[in-house]
Amino acid sequence: MRQRGDAKAKGSPLTELIWSFAPWLVFLLATRITDSLYAAVTTGVVASVIFLGRAIGRRWVHLLDLASTAYFVGLGAVLVFVHPGHIQYWSRYAQAGSHAALTVIVFGSILIGHPFTESYARETVPKGLWHTPQFKAINRRISAVWGLAFLVGTVSLIAAGSVGSRQVLLRLVIPFGLLFIAYRYTQKQRGQADGSTEADRRVAK
């Protein structure tokens, strides 16, 4: 991983967060555009490898960068070697599966004491603040909101797979709407945290 102080490593945490989520979003959109789960998974694999390569090039790899590649490559391997006969059933719940994986990853990161948003915040937050209670608490809250968004989105997508109606609501409006809310919440928390950090710097001077 790249050390702080390298100018190329620095960037907007929210922008980097979007880059990490990009393979999952590409996969979700691919499942809506194509009727082939194989094609959608292949798209996810390609996207995850490309964005992981970007992260490696910056020498600042996040948990989601690794998890997305592992998930899509693993899912692709299962489809190739198992070649499930009920592929339509798999396709119906493919979006729910990806959302469920993200739910586990996000809440798992909180449970082990390293909320997944911490690594993004560290790109712009001074190293001396990384282990402060405030920094930890803010990232727990932000990560928990993302986790809840993925959890409710998973429920919505499971419901979409079991019914034939309200697909736009269940597959698009609710899941993506919740992710937008989580994104805006992250923006708000980041703004407040940046304001507090700047105030602390002024007091220190």
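In this report, we go over the structure that sits alongside the text. (Residues numbered from 1 in each chain as written. Predicted model: local features only at pLDDT ≥ 70, side-chain atom pairs only at ≥ 80, totals over all residues. Heavy atoms only, no water.)

**Brief notes about the overall build of the protein chain**
Helix and strand counts for the protein chain stand at eight helices and zero strands. In the protein chain, the succession of helices and strands from N to C terminus is α-α-α-α-α-α-α-α. Counting over 205 residues, the protein chain shows a buried share of 42%. Contacts in the protein chain between residues at least 24 apart in sequence constitute 74% of all its contacts with a sequence separation of at least 6. Summed over all atoms, the accessible surface of the protein chain reaches about 10700 Å², with 68% contributed by carbon and sulfur. (Helix = DSSP H or I, 4+ residues; strand = E, 2+ residues; numbered from the N terminus. Buried < 20%, exposed > 50% of the residue type's maximum accessible area, 1.4 Å probe, protein only. Contact = heavy atoms within 4.5 Å. Areas by Shrake-Rupley, 256 points an atom, 1.4 Å probe, with all protein chains shown as cover.)

**Details of the packing of helix α2 (residues 37-58) against helix α3 (residues 63-82)**
Direction vectors running N to C along α2 and α3 enclose 150°, while the axes themselves pass 8 Å from each other. By the angle class used here, α2 and α3 are roughly antiparallel. In the packing of α2 onto α3, the handedness of the crossing is left-handed. Taken together, the residues of α3 that come into contact with α2 (itself represented by Leu-37, Tyr-38, Val-41, Gly-44, Val-45, Ser-48, Val-49, Leu-52 and Ala-55) are Asp-65, Leu-66, Ser-68, Thr-69, Phe-72, Val-73, Leu-75, Gly-76 and Leu-79. Taken together, the residues of the contact of α2 with α3 break down into 12 nonpolar, five polar and one charged. (Axes fitted to C-alpha atoms, helices over the stretch in contact; angles between N-to-C directions. Parallel < 35°, antiparallel > 145°, perpendicular 65-115°, else oblique. Left-handed = near helix turned anticlockwise from the far one by under 90°. Nonpolar A, V, L, I, M, F, W, Y, C, P; charged D, E, K, R; others polar.)

**Digging into unusual backbone geometry**
In this model, Arg-59 sits at a positive phi of 55°, which is unusual for a non-glycine residue. Relative to the helices and strands, Arg-59 resides in the loop between α2 and α3. A positive phi angle is found at Arg-166, which is not glycine, with a value near 55°. Topologically, Arg-166 is positioned in the loop between α7 (133-162) and α8 (167-204).

**Examining empty space enclosed by the protein**
Applying the stated rule across the entire model yields one cavity of 30 Å³ or more. Taken as a whole, the largest cavity spans an internal volume of roughly 40 Å³. Surrounding the largest cavity, Glu-16, Trp-19, Ser-20, Phe-51, Arg-54, Ala-55, Trp-60, His-62 and Asp-65 form its lining. Counting only elements with at least two residues in the lining of the largest cavity, the list comes to α1 (13-33) and α2. The residue makeup of the lining of the largest cavity, split by class, is four nonpolar, two polar and three charged. (1 Å grid on protein atoms, 1.4 Å probe; cavity = no way out; pocket = protein on both sides within 12 Å on 5 of 7 lines; lining within 4 Å. Points joined across faces, edges and corners; volume = space filled by probe spheres on them.)

**What about the side chain of Thr-117?**
As for its position among the elements, Thr-117 is in the loop between α5 (94-111) and α6 (118-121). Under the relative-accessibility criterion, Thr-117 is labelled buried at 5%. Among the polar contacts listed, one links the side chain of Thr-117 to the side chain of Ser-143, at a separation of 3.0 Å. Contact partners of Thr-117, with chain neighbours within four places excluded, come to Asn-139, Ile-142, Ser-143 and Trp-146. (Polar contact = N/O pair within 3.5 Å; in protein donor to acceptor, adjacent residues only side chain to side chain.)

**A few points about a nonpolar patch on the surface**
On the surface, Val-78, Val-80, Phe-81, Val-82, Tyr-89 and Trp-90 cluster together into a nonpolar patch covering about 640 Å² of accessible area. A total of four residues in the nonpolar patch trace back to one element, the largest contributor, which is α3. Among the structural elements, Val-80 can be located in helix α3. Val-80 gets classed as exposed once you look at its relative accessible area, which sits at 56%. (Patch = residues over 30% accessible without salt bridge, like charges linked within 9 Å, V, L, I, M, F, W, Y side chains within 5 Å. Salt bridge = Lys/Arg side-chain N within 4 Å of Asp/Glu carboxyl O.)

**Regarding the pattern of salt bridges**
What the rule picks out here adds up to five salt bridges. Here Arg-122 ties to Glu-118 by a salt bridge, and the two come within 3.4 Å at their closest N and O atoms. For Glu-118, a relative accessible area of 2% translates into the label buried. Connected through salt bridges with shared partners, the residues Glu-16, Arg-54, Arg-58 and Glu-123 form a single ionic network.

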